Amino acid sequence: MTHDSELKLQAYVDGELSGPESACAERLIAEDQAAHALVAELRNTRAALKGNEPVLTLPETREFYWSQIQRRIQAQAPTQPAKPATSIADLLRRFLVPAGALAALGIFCLLSVSELQSPSGGSQSEMALADPAAFTYRDFESGTTLVWLSYPADNDYSEDEFADGI
Amino acid sequence: MTTRSCAIILRAPLLIALLLAATSSRSFAADPALKLEALLVWGTNDAASPDPKHKPVEPAIRKKLQELPLKWNNYFEVSRKGIDVPAASSKKISLSEKCDVEVKNLGASTVEVSLFGRGSQVLKRNQSLPPGETLVLAGKAPNETAWLVVIKRVQ
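Position labels on residues start from 1 in each chain and follow its written sequence. To read the labels, note that chains go from A and ligands from 1, taken in the order they are written. Only residues with pLDDT of at least 70 are given local features in this predicted model, and only at 80 or more are side-chain atom pairs given and counted; all residues enter the totals for whole chains, interfaces and linings. Only heavy atoms go into the side-chain values, all of them from the structure, while hydrogens and water stay out.

Notes on the overall build of chain A
Piece 1. Along its length, chain A carries 5 helices and 3 strands.
Piece 2. Helices and strands appear in chain A in the N-to-C order α-α-α-α-α-β-β-β.
Piece 3. Each residue is assigned to one of three classes by its accessible area relative to the maximum for its type, calculated with a 1.4 Å probe on protein chains only: buried under 20%, partly exposed between the two thresholds, exposed over 50%. A total of 166 residues make up chain A; the buried ones form 21% of that total.
Piece 4. Contacts between residues were defined by any pair of non-hydrogen atoms, one from each residue, lying within 4.5 Å. For chain A, long-range pairs separated by at least 24 residues make up 25% of all intrachain contacts whose partners lie at least 6 apart in sequence.
Piece 5. Surface accessibility in these figures is a Shrake-Rupley result with a 1.4 Å probe; residues are shielded only by whichever protein chains are displayed. Carbon and sulfur atoms make up 58% of the accessible area of chain A, which totals about 12,500 Å². Numbered from the N terminus, helices here are DSSP runs of H or I no shorter than four residues, and strands are runs of E no shorter than two.

Let's talk about a nonpolar patch on the surface
Piece 1. On the surface, a cluster of nonpolar side chains totalling about 300 Å² of accessible area is made up of Leu58, Tyr65 and Trp66 of chain A.
Piece 2. If you trace the backbone, Trp66 of chain A turns up in helix α4 (residues 62-76). Patch membership requires over 30% relative accessible area and the absence of a salt bridge. Like charges are linked within 9 Å, and nonpolar side chains (Val, Leu, Ile, Met, Phe, Trp, Tyr) within 5 Å. The working definition used for a salt bridge is a side-chain nitrogen of Lys or Arg within 4 Å of a carboxyl oxygen of Asp or Glu.

Brief notes about helix α2 (residues 59-66) of chain B
Piece 1. Residues of α2 of chain B that are buried include every one of Ile61, Lys64 and Leu65 of chain B, and no others. Seen from one end, α2 of chain B has its buried residues packed into an arc of 95°, which puts them on one side. Looking at α2 of chain B, the residues exposed on the side facing more than 90 degrees away from the buried face are Pro59 and Lys63 of chain B.
Piece 2. Against β3 (144-149) of chain A together with β1 (34-44), β3 (74-85), β8 (134-141) and β9 (145-153) of chain B lie the buried residues of α2 of chain B. Working definition: the arc comes from the directions between the helix axis and the C-beta atoms, pointing outward to the latter.

Considering the pairing of β9 of chain B
All names here are of chain B.
Piece 1. Across the 9 residues that make up β9, a large majority, 9, are buried.
Piece 2. The two faces of β9 match: Thr145, Trp147, Val149, Ile151 and Arg153 on one face and Ala146, Leu148, Val150 and Lys152 on the other face are all buried.
Piece 3. The rule for pairing is simple: two strands pair if DSSP sees at least two bridges between them. Sheet topology places β1 next to β9; 8 bridges connect them, and they run antiparallel. The residue bridging Leu36 from the neighbouring strand is Arg153, located in β9.
Piece 4. In terms of strand pairing, β8 meets β9 through 8 bridges, oriented antiparallel. Paired with Leu137 across the two strands is Val149, which belongs to β9.
Piece 5. Connecting β8 to the antiparallel partner β9 that follows it, the hairpin turn spans 3 residues, and Asn143 within it adopts a positive phi of roughly 60°.

Distances and angles like these do not, on their own, reveal function.
So, in structure tokens, the structure goes:
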């Protein structure tokens, strides 16, 4: 007996076959011992399941029973916590903290640029044109800066030049 | 939030605005004109200058020069010129036939000094010149003497 025959016999037990197929199945049951045994087993199983299936009866109507379940589900659902009322101070703080940080950054940048642009901060630059031998001396006590140049060179003077040299 | 913290938060913008105003005024306020004085000085160990027009430098400048590591004992004033430099502008003066000085007002008591010898620029330097500050540019001259250009802030 093939697997298809077994499926047809099961359909026959369940009453799902048409007239010619049902007659064919009956003929197979009558001729084949194994088919006969299978159908007997299927009928026993079907009878056992049908006789022992528990039947629950509700004390109330079906609609009332399910509405109770629905209410319990809704009661157990997590609710969103209510947002506390935002005070004016909180709003100010939210605005002022980043604004203060930005302002502090701006002040820092302005001071940095100012210090970079202003040579008075100690960054004195010097370019001795045509005189790489120039040197600078600073007397902090008297507030005097001396820049000594090798200009003019010795051979720049003529014999009759006045002693002021420059 | 306490009342005290609220007050601090509310005062913060005022403090920030004051800081910004102070910074801006420091950075962008118009600087006044600089009044400077430039002197051409001859340094020597001779007691007197061969040129009767030369006179000894004033005591304050003499003191400053003597505190510098220079070997000369006497300093004679050859010429003197006042320089009024408006903000963000420059002015050029002649201290002698061969010596010119150009001063540019960079603001914040800072100047750019250019020294010209015989028409050629020999030095360009940025120098802070607050009141009381003096810049001395110097070099050697014949017969073991020296020339000096003294630039000082008058106002």
